[in-house]
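For reference, the chains in residue letters:
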Amino acid sequence: MVWAGSQVTKPFRAGGALALAPSVDKGLSWVTAQFRFKSRGVAFGAIVVTCAALFLSLVIGVMLIWA
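Residues numbered from 1 in each chain as written. Predicted model: local features only at pLDDT ≥ 70, side-chain atom pairs only at ≥ 80, totals over all residues. Heavy atoms only, no water.

Participant: Any chance you could explain the overall build of the chain here in plain terms?
Facilitator: Across its full length, the chain carries 2 helices and 0 strands. Against the globule reference of 11 Å for 67 residues, the chain gives a C-alpha radius of gyration of 17 Å, more extended than a compact globule. The C-alpha extent of the chain, read off along each of the three principal axes, is 40 × 40 × 15 Å. Looking at the chain residue by residue over its 67 residues, the buried ones come to 6%. (Helix = DSSP H or I, 4+ residues; strand = E, 2+ residues; numbered from the N terminus. Rg over C-alpha atoms; globule rule 2.2 N^0.38 Å. Buried < 20%, exposed > 50% of the residue type's maximum accessible area, 1.4 Å probe, protein only.)

Written out as structure tokens, the structure is:
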């Protein structure tokens, strides 16, 4: 059942990725230039680390509030 649902939505997911690719590329180029990273790979890594840190701090904050 899960496999069938995954197969049905695959064209929509691929189409969404193709539609968003130019915007993501433009945003990554902007971040690379704005923060003067040496490469786009370093900029991508910085974005991933920042998102992970924000998510982790949110999870820890919720856990502390509920404790």
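Participant: In this structure, what is going on with unusual backbone geometry? I would like to understand it.
Facilitator: A negative phi angle characterises most non-glycine residues, just as the trans form characterises most peptide bonds. Positive phi outside glycine occurs at arginine 36, with the angle close to 55°. Looking at where arginine 36 falls in the secondary structure, it is placed in the loop between α1 (2–34) and α2 (40–66).

Participant: Is there a simple way to think about the pattern of salt bridges in this case?
Facilitator: Any two side chains of opposite charge can pair, given that their charged atoms come close. What the rule picks out here adds up to 1 salt bridge. Here arginine 40 and aspartate 25 are joined by a salt bridge, their closest N and O atoms 2.1 Å apart. You can see arginine 40 sitting in helix α2 and its partner aspartate 25 sitting in helix α1, a full 15 residues away along the chain. Residue classification places aspartate 25 among the partly exposed residues on the basis of a relative accessible area of 37%. (Salt bridge = Lys/Arg side-chain N within 4 Å of Asp/Glu carboxyl O.)

Participant: Could you clarify how one ought to interpret the environment of alanine 46 in this entry?
Facilitator: The topology assignment puts alanine 46 in helix α2. We classify alanine 46 as partly exposed; its relative accessible area is 25%. Sequence separation of alanine 46 and phenylalanine 35 is 11 residues, and the distance between their C-alpha atoms is 10 Å.

Participant: What am I meant to see in α1 here?
Facilitator: Since the α-helix packs 3.6 residues into each turn, any two residues three or four apart lie on the same face. Taking 1.5 Å of rise per residue, 33 residues should cover 48 Å, yet α1 covers just 42 Å from first to last C-alpha, more than 12% shy of that figure. Along α1, the largest kink reaches about 45° and is centred on threonine 9; proline proline 11 follows within four residues of it. Of all the residues in α1, the buried ones are Leu28, Val31 and Thr32. Among the structural elements, α2 are those in contact with the buried residues of α1. Looking one or two places after α1, you find arginine 36, whose phi comes out positive at around 55°. (Expected span 1.5 Å × (residues − 1). Bend = angle between axes of the 7 residues up to and from the residue. Contact = heavy atoms within 4.5 Å.)

Nothing here speaks to function; it is geometry throughout.
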